[in-house]
Amino acid sequence: MDFLTPRLTAHNICGMQRLSGLDASFLYLETAQQPLHVCSILELDTTTMPGGYTFDRFRDAFNLRIKAMPQFREKIADSRFNLDHPVWVEDKDFDVDRHLHRIGLPSPGGRHELAEICGHIASLPLDRSRPLWEKWVIENVDGTDPQHGGRLVVMTKVHHAGVDGVSGANLMSTLCSTEPDAPPPDPVDGPGDASSLEIALSGAVRFATRPLKLVNALPVTLTSVVDTVRRARSGLTMAPPFAAPRTAFNANVTGHRNVAFTQLDLQDIKTVKNHFGVKVNDVVMALVSGVLRKYLADRGELPDNSLVAMVPVSVHDKSDRPGRNQVSGMFSRLETQIEDPAERLKSIAEANSVAKQHSSAIGATLLQDWTQFAAPAVFGLAMRVYAASRLSGARPVHNLVISNVPGPQVPLYYLGCQVKAMYPIGPIFHGSGLNITVMSLDGGLNVGIVSCPELLPDLWKMADDFTAALDELLAATR
């Protein structure tokens, strides 16, 4: 069964789908300074669109595909008497024009103007009274007219409560095809509606069963703790939390966002991978390490010990738990203290191998299970305590988030327009104000970077250094 197909379990009785604790945590932890949605920036070639591009034609094609995407037609519902997490229900007043927007870039319409617009869009919170997504169709890219063969950019914003990397890619696949004139998929029914009473009653039932679920989670937790202690004695653990050095981006974030992006040749990544006998993800981590090492060294702020990244790990194929977010995570050393790029890559690969083994030994559903028990007040209190710790000078849990989302290696067409690039933009958090997410697609490696301008005012320097970091690794293969 496809992950995005509604599951006929107690999780979605009464025609509703209840959020998992991990899904709901992104609602509970959200603040004005910390909006928790994920974005993508698509660069499109409009010359392949059947009949030619007009915004009305684009909107009509999108509206047809929305009928096959119940996730885009549902909203959050709750009850003041609900003892469990909120639910997804059908939005009976759904109107695509409330979510699909059209704007034009100011001249000259280059990457800086585009990034400024996208950063502003990324900073705006989503309206929780409606389905938690928006699409912005951005015209006048490079000063061209998309109706006459110009480029088009589409920025999508979806709340993290509804998607993770894998389920977000699945949603995108509904809008994409391998042919420009592919027919839209068949309509799919939504979750239905639910009254406040139904939400409260089913929530009370789930709340009453929490002690049993807690008992079931304890053995896996204990086993994971014992295994971690054993691995620590042998030096075979991932980097521990709160071991990361402080940097300029390890502070409380503001409500502003700035973004930058770049594209690399995936074949160059594979050349490095094959030469050193490592994984693509190891090369990605080495690229980020090289970029951050140079960035911090140029500022005179390179720490003596390694930066630490939190890397989300998909557990869709290992988890039987309900919910849109099916992730675990591992802490990975970036070995930024090593000057030689080849030695740095080898050390990162070795550290990643240990981290993956440690991460695999931890129960795949442990994060989902424990977030089921936490109430909104617990998440809010935890975030306030953590934000206060940032002001007191405590070391960060980790320095940044690095995510690698594999995509199809064939040409894709988004509502008939050929996709030239797809830059993923993840969320940032207090204490971890930098997110670098990459997505491989049709021979390219697309890199999306997000921070807030008060912490890192010039992300383009970082984005442009990716090419230099890759050239360094390529030179080491010769």
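Shown above is the structure to which this text applies.
Residues numbered from 1 in each chain as written. Predicted model: local features only at pLDDT ≥ 70, side-chain atom pairs only at ≥ 80, totals over all residues. Heavy atoms only, no water.

Novice: Which residues make up empty space enclosed by the protein, and what values go with them?
Specialist: Inspection of the entire model under this criterion finds three cavities of 30 Å³ or more. Of the pockets and cavities examined, the second largest cavity occupies roughly 90 Å³. Taken together, 13 residues line the second largest cavity, and the ones lying closest to its centre are Gln71, Trp88, Leu132, Val158 and Gly162. For the lining of the second largest cavity, a count of residues per class yields eight nonpolar, three polar and two charged. (1 Å grid on protein atoms, 1.4 Å probe; cavity = no way out; pocket = protein on both sides within 12 Å on 5 of 7 lines; lining within 4 Å. Points joined across faces, edges and corners; volume = space filled by probe spheres on them. Nonpolar A, V, L, I, M, F, W, Y, C, P; charged D, E, K, R; others polar.)

Novice: Outline the sheet that holds strand β16 (residues 444-451), supporting the account with residue identities and numerical values.
Specialist: Taken in spatial order, the six strands make up an open sheet running β9-β16-β15-β12-β10-β11, and their pairing is mixed. Each of the sheet's edge strands pairs with one partner strand only, and the pair in question is β9 (258-265) and β11 (327-333). Across the sheet, the mean angle separating the axes of adjacent strands is 20 degrees when strand polarity is ignored. Here strand β10 (residues 308-314) runs beside strand β12 (residues 400-406); their pairing, made up of two bridges, is parallel. Across the sheet, the residue bridging to alanine 309 is leucine 400, located in β12. (Pairing = 2+ DSSP bridges. Helix = DSSP H or I, 4+ residues; strand = E, 2+ residues; numbered from the N terminus. Axes fitted to C-alpha atoms, helices over the stretch in contact; angles between N-to-C directions.)

Novice: If you had to explain the sheet that holds strand β1 (residues 17-18) to someone new, which residues and values would you point to?
Specialist: Pairing between sheet strands relies on hydrogen bonds along the backbone, with the strands arranged either parallel or antiparallel. Pairing is antiparallel in the open sheet, where three strands are placed in the order β1-β4-β3. Each edge of the sheet is formed by a strand with only one pairing partner; in this case those strands are β1 and β3 (74-77).

Novice: Tell me about the packing of helix α7 (residues 266-276) against helix α12 (residues 459-475), residues and numbers included.
Specialist: Here α7 crosses α12 at 35 degrees, and the two axes come no closer than 9 Å. Helix-helix and strand crossings are classified by hand; for α7 and α12 the assignment is left-handed. Only Leu470, Leu473 and Leu474 of α12 make contact with α7, whose side of the interface consists of Asp268, Ile269, Thr271, Val272 and Phe276. Its residues assigned to classes, the contact of α7 with α12 shows six nonpolar, one polar and one charged. (Left-handed = near helix turned anticlockwise from the far one by under 90°. Contact = heavy atoms within 4.5 Å.)

Novice: Requested: an account of the packing of aromatic side chains, with residues and values cited.
Specialist: Tallying each qualifying case throughout the model produces seven aromatic pairs. Ring geometry for phenylalanine 62 against tryptophan 133: centres 5.7 Å apart, planes inclined by 70 degrees, an arrangement best described as edge-to-face. Here tryptophan 133 lies in strand β6 (residues 133-139) and phenylalanine 62 lies in helix α2 (residues 55-66), a separation of 71 residues in the sequence. Judged by centre distance (5.1 Å) and plane angle (80 degrees), the rings of phenylalanine 261 and tryptophan 460 are edge-to-face. Note that phenylalanine 261 is positioned in strand β9 and tryptophan 460 in helix α12, a separation of 199 residues in sequence. Judged by its relative accessible area of 6%, phenylalanine 261 falls in the buried class. When its relative accessible area of 8% is taken as the criterion, tryptophan 460 is described as buried. Through successive ring pairs, a cluster of aromatic residues spans Phe62, Phe72, Phe94 and Trp133. Over the aromatic face of tryptophan 460 sits the side chain of arginine 111, whose NZ or CZ is 4.0 Å from the ring centroid. (Phe/Tyr/Trp six-rings, centres within 6.5 Å; stacked < 30°, edge-to-face > 60°. Buried < 20%, exposed > 50% of the residue type's maximum accessible area, 1.4 Å probe, protein only. Lys NZ or Arg CZ within 6 Å of the ring centre and 35° of its normal.)

Novice: Break down the pattern of salt bridges for me, citing the residues and quoting the values.
Specialist: The full count for this structure, using the stated rule, is 21 salt bridges. Residues arginine 59 and aspartate 56 are paired through a salt bridge, measuring 3.1 Å at the closest nitrogen-oxygen approach. Note that arginine 59 and aspartate 56 are positioned in helix α2 at a spacing of three residues, about one turn of the helix. Relative accessible area serves as the criterion here: at 24%, arginine 59 is assigned to the partly exposed category. Across the pair arginine 206 and aspartate 84 runs a salt bridge, and its minimum N-O distance is 2.9 Å. Within this pair, whereas arginine 206 is found in helix α5 (residues 196-208), its partner aspartate 84 is found in the loop between β3 and β4 (87-90), the two being separated by 122 residues in sequence. One exposure class covers both arginine 206 and aspartate 84, and it is buried. Salt bridges sharing common partners tie together Lys294, Asp298, Lys461 and Asp465. (Salt bridge = Lys/Arg side-chain N within 4 Å of Asp/Glu carboxyl O.)

Novice: Account for the packing of helix α8 (residues 280-298) against α12, naming residues and giving values.
Specialist: Contact geometry of α8 with α12 gives a least axis separation of 8 Å together with a crossing angle of 120 degrees. In terms of orientation, α8 lies oblique with respect to α12. Here α8 runs over α12; the crossing is right-handed. Here Val283, Ala286, Leu287, Val288, Val291, Leu292, Lys294, Tyr295 and Asp298 of α8 come into contact with α12, specifically with Lys461, Met462, Asp465, Phe466, Ala469, Leu470 and Leu473. (Parallel < 35°, antiparallel > 145°, perpendicular 65-115°, else oblique.)

In short, shape yes, function no, at least from these values alone.
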